[in-house]
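Okay, here's what each chain looks like letter by letter:
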Amino acid sequence: MAEVRIAFEPKQKRMWDITEDLNNPVRILGFGGAKGGGKSYYARTAQVLRRLKYPNSYGVIIRNSLNELEKNHVRNIQREWPSLAYEYKDQKHQFRFANGSILDMAYVESEKDLDRLWGGEWDDITLDEAQHHEKQILRILRTCNRTTRTDLKPTITVTFNWGNIGHKWLKRMFWRESFKKNPTAEDMCDKWETELHWEEGEKPEQFNFIQAFYYDNTHLNAEYESDLNALPEKLRKAWKDGDPDVYEGQFFPEFGLHLREKPFVIPAHRCNLYGSLDYGEGEGDDAGATSFGLWHVDEDGRPHRLLSYYKRHLTASGYARDIISECQSFHYTHGKYPKVIYADPSIWTKRRLDDNITFSPADIMMQYFNPVGIRLEKANNNRVQGWRVMREHFISK
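**Student:** What should I look at first to understand the environment of I18 in this one?
**Tutor:** On the secondary structure map, I18 appears in helix α1 (residues 10-20). For I18, a relative accessible area of 15% puts it in the buried group. Spatially, the C-alpha atoms of I18 and L29 are 8.6 Å apart, while their sequence positions differ by eleven residues. Those residues in contact with I18, other than ones at most four positions away along the chain, are N24, V26, L29, K153, N208 and I210.

**Student:** I tried to follow the packing of α1 against helix α2 (residues 39-53) on my own but got confused; where do I start?
**Tutor:** How two helices pack is summed up by the angle between their axes together with the distance between the axes. Viewed as axis vectors pointing N to C, α1 and α2 meet at an angle of 35 degrees, and their least axial separation amounts to 11 Å. Where α1 crosses over α2, the handedness of that crossing is right-handed. Residue-level contacts link Q12, M15, W16, T19 and E20 of α1 to Y41, Y42, A46, L49, R50 and K53 of α2. Within the contact of α1 with α2, the residues separate by chemical class into six nonpolar, two polar and three charged.

**Student:** Would you mind showing me how to read the layout of surface pockets here?
**Tutor:** Empty space among the atoms becomes apparent when a probe as large as a water molecule is rolled across them. Here the second largest pocket defines a volume of roughly 360 Å³. Looking at the second largest pocket, it is lined by 16 residues, and the ones nearest its centre are G36, G38, K39, S40 and Y41. Residue assignment for the lining of the second largest pocket shows that the elements contributing at least two residues are α2 and α3 (66-80). Take the lining of the second largest pocket: its biggest share by element is four residues, from α2.

**Student:** What exactly am I supposed to notice about the packing of aromatic side chains here?
**Tutor:** By convention here, two paired aromatic rings are described through the distance between centres and the angle between planes. Taken as a whole and assessed by the stated rule, the structure comprises 19 aromatic pairs. Each ring, one from F160 and one from F209, has its centre 5.6 Å from the other, and the planes form 20 degrees; the classification is stacked. Note that F160 is positioned in strand β7 (residues 155-160) and F209 in strand β8 (residues 207-211), a separation of 49 residues in sequence. Chaining the aromatic ring pairs together yields one cluster made of F160, W162, F174, W175, F207 and F209.

**Student:** Got a minute to help me understand the sheet that holds strand β9 (residues 273-278) in this structure?
**Tutor:** Read across the sheet, five strands follow the order β11-β10-β9-β12-β15 without closing on themselves; strand pairing throughout is mixed. The open sheet has two edge strands with one neighbour each: β11 (303-311) and β15 (375-378). Sheet twist, expressed as the mean angle between neighbouring strand axes with direction ignored, is 25 degrees. Sheet topology note: the β9/strand β12 (residues 340-343) ladder contains three bridges and is parallel. Across the sheet, the residue bridging to S276 is Y342, located in β12. The strands that helix α10 (residues 316-328) touches are β9, β10 (290-297), β11 and β12; relative to β11, the one it contacts most, it runs at about 140 degrees. Against the sheet, helix α11 (residues 361-369) touches β9, β12 and β15, its axis set at about 150 degrees to β15.

**Student:** Just checking my understanding: could you explain the nonpolar core for this structure?
**Tutor:** Considering soluble globular proteins, one finds that nonpolar side chains tend to be buried as a cluster. Core analysis: the biggest nonpolar cluster contains 29 residues, and I62, L117, V158 and F174 have the highest contact counts within it. At the level of secondary structure, the elements contributing two or more residues to this core comprise β2 (58-63), β6 (124-127), α5 (136-144), β7, α6 (167-174) and β8. Take this core: its biggest share by element is five residues, from α5. Listed in part, the 26 residues of the second largest apolar core include V26, L29, A46 and L49.

How each quantity is defined
- Residues numbered from 1 in each chain as written.
- Predicted model: local features only at pLDDT ≥ 70, side-chain atom pairs only at ≥ 80, totals over all residues.
- Heavy atoms only, no water.
- Helix = DSSP H or I, 4+ residues; strand = E, 2+ residues; numbered from the N terminus.
- Buried < 20%, exposed > 50% of the residue type's maximum accessible area, 1.4 Å probe, protein only.
- Contact = heavy atoms within 4.5 Å.
- Axes fitted to C-alpha atoms, helices over the stretch in contact; angles between N-to-C directions.
- Left-handed = near helix turned anticlockwise from the far one by under 90°.
- Nonpolar A, V, L, I, M, F, W, Y, C, P; charged D, E, K, R; others polar.
- 1 Å grid on protein atoms, 1.4 Å probe; cavity = no way out; pocket = protein on both sides within 12 Å on 5 of 7 lines; lining within 4 Å.
- Points joined across faces, edges and corners; volume = space filled by probe spheres on them.
- Phe/Tyr/Trp six-rings, centres within 6.5 Å; stacked < 30°, edge-to-face > 60°.
- Pairing = 2+ DSSP bridges.
- Core = buried A, V, L, I, M, F, W, Y, C linked by side-chain atoms within 4.5 Å.

Put into structure tokens, the structure is as follows:
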């Protein structure tokens, strides 16, 4: 067999070392966050190395489409690795290695494609260009990443750039303000272990993120930096500088960290509070979330978002009780309630329980709000007008 020499870049080598270390609890590794850092090369090379090193092991590389798999991984593996090491099964999109290992090539373009992953079992999973996917895909892949072996640990590698539909969950899961190039003292307080970053079933010690930039990849053509510099400003900040707070497609380009304030206690006699409510319904993973915000309007007429509540799978009464409790226990406003909560008019739509009883979520929530002096009123849901108002506030800030 021909000899193959692998020379990982330093950050790729860090990824590999974490993957190989059985004593390191990290098993979900984020890699990238900027263009040109060698994400895809590392993704396929690490998979092939692991299949060769561990006989009868199983891996999978997942992209957004079959065409992307063919162009970015299948052709490159065939070019970079001697064919004596494997046989490629075109119909099954599968590399079969002489030592019994298998590397599957899978794509997820739709819910139907996602359903095919259920029941799969792989020692190593690579979700390449994860920004094209919703968070649900990672939940499914975690159930497929299992093994009975003791000579390797199961891992999930998630490569991505900022932006697209996966931006929000990828940022929540992998980004910390302390990762900035020049973090402030406040940024350094944003630690990996902060509970607010994690959902039920997620263990912070199992996650890690290594940000790779174009200059970390010494194999890039010399002109690539000028190509990145030619991008529109927001894309350049996201793809060249790795800034997750500014990216093309964000609806309010005026929104950013400059709007964030340090928490402050509002004197009780000056609390001018109101709430905003977006009610979510549905069942299972498709359930919409209910979002509540507590706001204070200062003496200059500027609104300040003080508290955010975001939850699924409760009833209208459950959400109402939660909102009352959140306001009661909120230190910065001395437990005062908002005078009024403006809600999406849709929650006044009646639902039929039987032939004689109809109700709306608003009817139920007012049974809890009215006794504590909170009015529930219909918000103006004219989106265009709302966009203008929000932009005006962002700019005046």
